[in-house]
Amino acid sequence: MNRLAHILRLGLKELTSLRHDSVLLLFLMYAFTVAIYLPAAGSVIGVHNASVAVVDEDHSALSRLLAQSLQPPEFQPPVALPYDRLDTVMDQGQYTFVINVPASFQSDLLAGRQPAVQVNVDATAMSQAFMGAGYIGRIFQRELLNYADQGDVASKAPARLTTRALFNTNLEGGWFLAVIQIVNNITILAIVLTGTALLREREHGTLDHLLVLPLTALEIMLAKVWSNMLVVVLCTWISLEVVVKGLLGVPLAGSLGLFLMVTALYLFASTALGIFLATLARSTPQFGLLAIPVIIPMLLLSGGSTPLDSMPQWLQWVMQGSPSTHFVSLSAAILFRDAGVSVVWPDLLALAGIGLAFFAIALARFRKSLAS
């Protein structure tokens, strides 16, 4: 019980210090309001190396021609998919586009009828889906016109494409970007708040006072983790309710409670990383220089700003060791696809494992720095 009391009181001390730090408070307000609203209101979307699967029920020369028309660098080589797997892979977000070519498609086309090709779009991957569906429509229209010897664009298209955008029917680019901005800001704040808090105590001599008290390194570290976790989770919840749902009008289909729980788990890992960096630095400016090359790759390569499908294979494997990669995947699955624990448990397990590893490494380094 004494240890829990120590962790509680030390955490309250951290919250009191934060309350008197006007610069960090202003940064918190900016990070969860202006920094989310402005990028989400003016996003730019592109298509590069998008993942595609094809459900070929026709097995004709024309259906194979349509699949082969999707070429790099805009699209990856299409993957053949059985019909009974279509809904499953869309729910799991394995492919950005799943194209369904119905049976008798070629014969219906040659008979003068107007068969339909179904293009299913995972619209949570906004950087691909916003323009990718239009790309596919134009490519297929060109191939179908050429196949029917009607190469004149002004001619009537021999087939009608039916596009269904899942999870974001109007293809609003700001919807996904608003959530990704929150994820990015959580990463920045988790590392910065804990790191600067530790360095502030070292520079002001408070850490030396703590060392003469009957406190352990684990108690000091857990106090910093839970206090900063509480602040960031609370700001995240307010930002989702006020900015994302209120000002931007994003309909979040998933459970906010589950997302906030995942956020707390992610903060456990990222705050430990911030403490580890603070033990390597001798001053706050040094900490800033150390944090930049750590934070920037976590933001750009986690799958939010740049889809993992667009990266080299080796880099995709490397980024699986970053907690931000799993947090981005969990955020999109929970908030947009209404995924539950039964669906996202692999990412949850990976995030928990990475968090424990980061915490153990940071604790060992923190104990060493206190001993020295």
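All values derive from a computational prediction rather than experimental measurement. (Residues numbered from 1 in each chain as written. Predicted model: local features only at pLDDT ≥ 70, side-chain atom pairs only at ≥ 80, totals over all residues. Heavy atoms only, no water.)

(A) Summary view of the overall build of the chain. Counting secondary structure elements, the chain contains 15 helices and five strands. For the chain, the C-alpha atoms occupy an extent of roughly 90 × 35 × 35 Å along the three principal directions. Expressed as a percentage of its 372 residues, the buried residues of the chain come to 49%. Sequence separation of 24 or more characterises 79% of the internal contacts of the chain that already satisfy a separation of 6 or more. With an accessible surface of roughly 17,100 Å², the chain has 63% of that area assigned to carbon and sulfur atoms. Mean positive and mean negative side-chain charge positions of the chain (21 and 23 charges, respectively) differ by 11 Å. (Helix = DSSP H or I, 4+ residues; strand = E, 2+ residues; numbered from the N terminus. Buried < 20%, exposed > 50% of the residue type's maximum accessible area, 1.4 Å probe, protein only. Contact = heavy atoms within 4.5 Å. Areas by Shrake-Rupley, 256 points an atom, 1.4 Å probe, with all protein chains shown as cover. Lys, Arg positive; Asp, Glu negative; His and termini not counted. Charge placed at Lys NZ, Arg CZ, Asp CG, Glu CD.)

(B) Seen up close, the side chain of N120. By secondary structure assignment, the location of N120 is in strand 4 (residues 116–122). You can call N120 buried: its relative accessible area is 6%. There is a polar contact of 3.0 Å between the side chain of N120 and the side chain of Q118. Filtering out sequence-adjacent residues up to four positions away, N120 remains in contact with L86, M90, T96, F97, V98 and R164. (Polar contact = N/O pair within 3.5 Å; in protein donor to acceptor, adjacent residues only side chain to side chain.)

(C) The pairing of strand 3 (residues 97–101), seen in detail. When you tally the buried positions in strand 3, you get five out of five residues, the bulk of the element. Side chains F97, I99 and V101 project from strand 3 onto one buried face, and the interleaved V98 and N100 project onto a second face that is buried too. As paired strands, strand 1 (residues 52–56) and strand 3 are joined by five bridges and run parallel to one another. When the sheet's bridge partners are listed, A53 is paired in strand 3 with V98. Pairing geometry for strand 3 and strand 4, over four bridges, is antiparallel. Bridging from a neighbouring strand, F97 pairs with V121 of strand 4. (Pairing = 2+ DSSP bridges.)

(D) Here's a closer look at the packing of aromatic side chains. Under the defined criterion, the tally for this structure stands at four aromatic pairs. Note on F75 and F97: the rings are 6.1 Å apart at their centroids and 70° apart in plane angle, and the pair reads as edge-to-face. One end of the pair, F75, is in the loop between helix 4 (61–68) and strand 2 (79–80); the other, F97, is in strand 3, with 22 residues separating them in the sequence. By the burial criterion, F75 is buried, and F97 matches it. Summarising the aromatic geometry, the rings of F259 and F327 are spaced 5.9 Å apart at their centres and angled 10° between planes, so their arrangement reads as stacked. In this pair, F259 is assigned in helix 11 (residues 256–280) and F327 in helix 14 (residues 323–335), connecting sequence segments 68 residues apart. No difference in accessibility class separates F259 from F327, as the two residues are buried. Ring-pair connections join several aromatic residues into one group, and the members of that group are F259, Y266 and F327. (Phe/Tyr/Trp six-rings, centres within 6.5 Å; stacked < 30°, edge-to-face > 60°.)

(E) Expanded view of empty space enclosed by the protein. Per the counting criterion, the structure on display carries one cavity of 30 Å³ or more. If you add up the space inside the largest cavity, you get close to 70 Å³. At the level of secondary structure, the elements contributing two or more residues to the lining of the largest cavity comprise helix 1 (2–19), helix 8 (173–204) and helix 10 (217–247). Of all the elements, helix 8 adds the most residues to the lining of the largest cavity, at four residues. Its residues assigned to classes, the lining of the largest cavity shows six nonpolar, three polar and two charged. (1 Å grid on protein atoms, 1.4 Å probe; cavity = no way out; pocket = protein on both sides within 12 Å on 5 of 7 lines; lining within 4 Å. Points joined across faces, edges and corners; volume = space filled by probe spheres on them. Nonpolar A, V, L, I, M, F, W, Y, C, P; charged D, E, K, R; others polar.)

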